[in-house]
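# Summary of the model geometry
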Amino acid sequence: MFDLILFLILLALGFGFGQYLEKRHYKSILKREDQLRHIPAIATKYLPAEFLPCTTTVVAGNVVISIDFFKKFVSGLRAIVGGRVSSYETLIDRARREALLRMKEQAVKQGANYVFNVKMETSSISKGRRDSIGSVEVLAYGTAIKTVDC
Amino acid sequence: MEYSNPEIPEGINTSKQHPLKDFFLLSFGVLGCIVICAFILGLFAERLALYIPFSVEQELMAKIELEEPAAGNTEYQAYLDELGKGLIAHMDIPEEITITVNYVDEPIENAFATLGGHIFIYQGLIDLLPNENALAMVIAHEIAHIKYRDPIAALGRGVVVGLFLTAITGASTDRYISNIISETGTLTILGFNRNQERRADEEALRVLADYYGHVNGADTLFKTFLKIEDEMDMHTPEFFSTHPLSEDRISNIEKLANKQQWSVKGDLTQLPGFIQDQAK
């Protein structure tokens, strides 16, 4: 009985805070994406000739986001029956966009106009332990280009 | 060539569905399936367990050494044996079933029936009872469990449903999910338990009516429980209990006595002098 009440409280807290933080995060992501749209992040590995000559520097954005209790519980139930784990999708989406934004912010500080050869790596922190709340880490990195006017 | 990062519409990589919808669908779906499976498995296991011969129960219990009553307790043991025998005579117990009433000199307020026809009555429970009728209700209730072979049915059910739940929870990596699943299964099992208790209450009441000619004192124990629960402010909902609620048991006794026209008034039989002395 006590366990059940504790569980419901954790679930409600997880849902309340999780939803609030997620909404707030998306709001900030949308705002910053608008602000940083002038720095395109391009996935191509080879720099087109028109960007030469230029100075290059590596830029990286890294983020770790933890899943909340509610999402973890729903995904656990989902794991029994299978299907689209929608509770994790927003988590990964937020993490990737946040990492890209941080990378771009670094590029702005370098005075760069573009980031080429953008790559991302996703890894989960705290793997395997049954009672741990999972966190996801996303690293975005690329080569920031600052074109030099001749 | 133009290089840019245009604004991409939202909701491609994420789901627009409200998270609570997913939660309710999954919770009720998964837990509902577990309840249904545990219920069906429990039902089959219970029925099949009744085909296990009583001698198997006896063999199982023979491996456990039961303590002989201490020298000072032989009076109690003899009295309980006597009362037990008197009640058994009214109970139409199948021939192969043997019943042993064991007295335990410990201050625990409990009595239970287990495999091999063994019944255990604790001193703590006897201390709560003001007369023989109330004690007879307890003993008859436990004998009724043996008569219907409830201990082996509970064991069969426990093993099968337990195995089922272990298989599912083992597959889940989340501790809370495992807990919720096993709790759900356990709560399903409790439903069976409560039914067994109700049946044993009814049989015990019938035996009391037969033995004493009335059912006065049959509800004393439950009234005592109710008082203790009130004092300790301990009100567990029936859903979480192994037994039906004390107030329901009392009202069931009244209803059944009314229906069968058993007298609820009658002289109460006193407990023997040595028990009364100890109580004092």
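Here the structure is shown first, and the text comes after it.
Let me begin by describing the structure that accompanies this report. This structure is a prediction, so every number in the text was calculated from the model and none was measured.

### Digging into the overall build of chain A
Check the secondary structure of chain A and you find three helices and three strands. Reading the secondary structure of chain A in the N-to-C direction produces α-β-α-α-β-β. Taking 150 residues into account, the globule formula puts the C-alpha radius of gyration at 15 Å, and chain A, at 19 Å, lies well above it. Taking the principal axes of its C-alpha atoms as reference, chain A extends roughly 75 × 30 × 25 Å. When the accessible surface of chain A is split by element, carbon and sulfur atoms take 60% of a total near 8,400 Å².

### Some points on the state of the cysteines
All names here are of chain B. On inspection of all chains with the given rule, the structure shows zero disulfides over all chains. Cysteine Cys33 is unpaired, with the sulfur of Cys37 as its nearest cysteine sulfur at 6.2 Å. Taking the relative accessible area as the measure of exposure, Cys33 reaches 48% and is therefore partly exposed.

### As for the sheet that holds strand E3 (residues 135-147) of chain A
Residue and element names in this part refer to chain A. Spatially, the three strands line up as an open sheet ordered E1-E3-E2, and their pairing is antiparallel. For this open sheet the edge positions go to strand E1 (54-66) and strand E2 (114-125), each flanked by a neighbour on one side alone. Across the sheet, the axes of successive neighbouring strands diverge by a mean angle of 15°, strand direction being ignored. Inspection of the sheet shows E1 paired to E3 by 13 bridges, in the antiparallel sense. Note on E3: the bridge partner recorded for Ser66 is Ser135. On the sheet, helix H3 (residues 86-109) packs against E1, E2 and E3 and is oriented at approximately 145° with respect to E1.

### Quick notes on the packing of aromatic side chains
We describe a pair of aromatic rings using the distance from one ring centre to the other and the angle between the two ring planes. Summed over all chains, the structure comprises 18 aromatic pairs over all chains. Taking the centre distance of 6.1 Å and the plane angle of 55° together, the rings of Phe73 of chain A and Phe23 of chain B count as tilted. Taken together, the residues span two chains, with Phe73 of chain A in helix H2 (residues 69-81) and Phe23 of chain B in helix H1 (residues 19-49). Neither residue differs from the other here; Phe73 of chain A and Phe23 of chain B are each classed as buried. With a centroid separation of 5.3 Å and 20° between ring planes, the pair formed by Phe39 of chain B and Phe192 of chain B is classed as stacked. Taken together, the residues span a long stretch of sequence, with Phe39 of chain B in helix H1 and Phe192 of chain B in helix H7 (residues 175-212) at a distance of 153 residues. A network of ring pairs unites the aromatic residues Phe7, Phe15, Phe69, Phe70 and Phe73 of chain A together with Phe23, Phe24 and Phe28 of chain B as a single cluster.

Procedures and definitions
Residues numbered from 1 in each chain as written. Chains lettered and ligands numbered in written order. Predicted model: local features only at pLDDT ≥ 70, side-chain atom pairs only at ≥ 80, totals over all residues. Heavy atoms only, no water. Helix = DSSP H or I, 4+ residues; strand = E, 2+ residues; numbered from the N terminus. Rg over C-alpha atoms; globule rule 2.2 N^0.38 Å. Areas by Shrake-Rupley, 256 points an atom, 1.4 Å probe, with all protein chains shown as cover. Disulfide = S-S within 2.5 Å. Buried < 20%, exposed > 50% of the residue type's maximum accessible area, 1.4 Å probe, protein only. Pairing = 2+ DSSP bridges. Axes fitted to C-alpha atoms, helices over the stretch in contact; angles between N-to-C directions. Contact = heavy atoms within 4.5 Å. Phe/Tyr/Trp six-rings, centres within 6.5 Å; stacked < 30°, edge-to-face > 60°.

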